[in-house]
Amino acid sequence: MMQNGMDTVPQQNGTMHTNSTSSSNSHNSSSQTNTGGHQEESKTNLIVNYLPQTMTQEEIRSLFASIGEVESCKLIRDKVTGQSLGYGFVNYHRPEDAEKAINTLNGLRLQNKTIKVSYARPSSEAIKGANLYVSGLPKNMTQQDLENLFSPYGRIITSRILCDNITGLSKGVGFIRFDQRIEAERAIQELNGTIPKGSTEPITVKFANNPSNNNKAIPPLAAYLAPQARRFGGPIHHPTGRFRYIPLSPLSRYSPLAGDLLANSMLPGNAMNGSGWCIFVYNLAPETEENVLWQLFGPFGAVQSVKVIRDLQTNKCKGFGFVTMTNYDEAVVAIQSLNGYTLGNRVLQVSFKTNKSKAT
DNA sequence: CGACGGGACGC
DNA sequence: CGACGGGACGC
């Protein structure tokens, strides 16, 4: 499984089109002759993937210069953080050097990575966003099986099946990167929800997340909430000295006592989830959208997330939703103010979330 | 009257 | 308990 993806490198290494391409320099972006299929690849320009995080552009250049004279070399970095994105481009003067670089440097192990060296495709919009995420795969499906399943829909650039790090067994999840986005779209249409031969459950095929904007980062709001939680044993007086102005007038008379709110929230694992206070909102209209919750709760302070719970079939709101707020004091005020609030022709019920759930 | 998500990825 | 790779097209 080491050469995952490596063996999916375009097969036409140096053997494909013998008629010379228009140019072999790095500025080949001009010709956008999209003829349905993919464009001619440069014979000198390489893409290098899976570079070690610490490797600099100059280190890459010197590595590839050991093969032949390098015309240009570029390491792609995040434009805001400056961090290496783990891939780059090397353009040689001579096609034979590029071919030699593929033959000798592809699969080279550097630090913890095994780099991949292949011909770069001409940059174009059509090749972006062509990566698919596939789940529900039978555990015995191999990478080759996966490629066989998807290859009817286009040219596969990479494929991968995720395996458990310890057991090495398939997680039933994989990725397919097509050459063209259109190919990926077709594969979704044709394969999503289908049951592979020999399997019993349907697979899910969808576009993969973009690795650059995955918001895995936990907001740094959580840390300082924990020590404060110790204070909540006693009655709250004035949350933060004084209440902020609430632009919703006659609501508070419906509100339960703050002490009741507290009693609920003290139950472990309920409203307090470690990075905010989860609020249950009931009696929402079927057409309710997320923005309604944002507008309702936003005036009371920091809202981390909102969620309208919908029926899977009808896509209509099931009558309730959740709002997570960062600060306890603000959450209390929001609950006190919005519980009993009439939205449309419905009287909302708002409280800290409890642990209720359907089954069990 | 009714009623408390989630395709959470980690050991 | 299935869940975003090893940062894949010029940041």
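Treat the numbers as computed from the prediction; the structure is a model and nothing was measured.

J.: Is there a simple way to think about the sheet that holds strand β16 (residues 349-352) in this case?
T.: In sheet architecture, strand pairing relies on hydrogen bonds along the backbone and comes in two forms, parallel and antiparallel. Taking strand neighbours across the sheet as the criterion, the four strands line up as β12-β13-β11-β16 in an open arrangement whose pairing is antiparallel. Each having just a single partner strand, β12 (303-310) and β16 make up the two edges of the open sheet. Sheet twist, expressed as the mean angle between neighbouring strand axes with direction ignored, is 20 degrees. Strand direction decides the pairing type here: β12 and strand β13 (residues 317-325), joined by six bridges, are antiparallel. Residue pairing across strands places Lys-307 opposite Phe-322, the latter belonging to β13. Here helix α7 (residues 290-297) sits on the sheet and contacts β11 (277-282), β12, β13 and β16; the angle it forms with β12, its principal contact strand, is near 140 degrees. Packing of helix α8 (residues 328-338) onto the sheet brings it into contact with β11, β13 and β16, and relative to β16 it is tilted by some 155 degrees.

J.: Where do I start with the protein's contact with DNA strand B in this structure?
T.: The environment of DNA strand B is made up of 15 residues, and the closest members are Ile-309, Gln-349, Lys-353, Thr-354 and Lys-356. In the environment of DNA strand B, a base nitrogen lies 2.6 Å from a nitrogen or oxygen atom belonging to the side chain of Lys-353. Sorting the residues of the surface near DNA strand B by element identifies β11, β12, β13 and β16 as the ones contributing at least two each. Examining the composition of the surface near DNA strand B, we find that three residues originate from one element, β11, more than from any other. When grouped by side-chain class, the residues that make up the surface near DNA strand B number six nonpolar, five polar and four charged.

J.: Would you mind showing me how to read the protein's contact with DNA strand C here?
T.: Looking at DNA strand C, there are 41 residues lining it, with Asn-45, Lys-116, Ser-123, Asn-131 and Thr-158 nearest. Here the atoms of DNA strand C within 4 Å of the protein split so that 34% fall in sugar or phosphate, with bases taking the remainder. Between Leu-85 and DNA strand C, the recorded distance is 3.4 Å, taken from a backbone N or O atom to a base nitrogen. Between Lys-139 and DNA strand C, the recorded distance is 3.0 Å, taken from a side-chain N or O atom to a base nitrogen. Contributions of two or more residues to the surface near DNA strand C are made by β1 (45-49), β2 (70-77), β3 (84-92), β5 (113-114), β7 (131-135), β8 (156-163) and β9 (170-178). Element by element, the count of residues in the surface near DNA strand C is highest for β3, at five residues. The residue makeup of the surface near DNA strand C, split by class, is 16 nonpolar, 13 polar and 12 charged.

J.: I tried to follow the confidence of the model for chain A on my own but got confused; where do I start?
T.: A low pLDDT means the predicted coordinates there should not be read in detail. Here chain A averages 75 in pLDDT, and 69% of its residues register 70 or above. Scored below 50 in pLDDT, residues 1-37 makes 48 contacts in the model with residues more than four places away or belonging to other chains. Note on residues 213-269: pLDDT under 50 across the span, and 60 contacts to partners over four residues away in sequence or across chains.

Rules used throughout
- Residues numbered from 1 in each chain as written.
- Chains lettered and ligands numbered in written order.
- Predicted model: local features only at pLDDT ≥ 70, side-chain atom pairs only at ≥ 80, totals over all residues.
- Heavy atoms only, no water.
- Pairing = 2+ DSSP bridges.
- Helix = DSSP H or I, 4+ residues; strand = E, 2+ residues; numbered from the N terminus.
- Axes fitted to C-alpha atoms, helices over the stretch in contact; angles between N-to-C directions.
- Contact = heavy atoms within 4.5 Å.
- Near = heavy atom within 4 Å.
- Polar contact = N/O pair within 3.5 Å; in protein donor to acceptor, adjacent residues only side chain to side chain.
- Nonpolar A, V, L, I, M, F, W, Y, C, P; charged D, E, K, R; others polar.
- pLDDT = per-residue confidence, 0-100.

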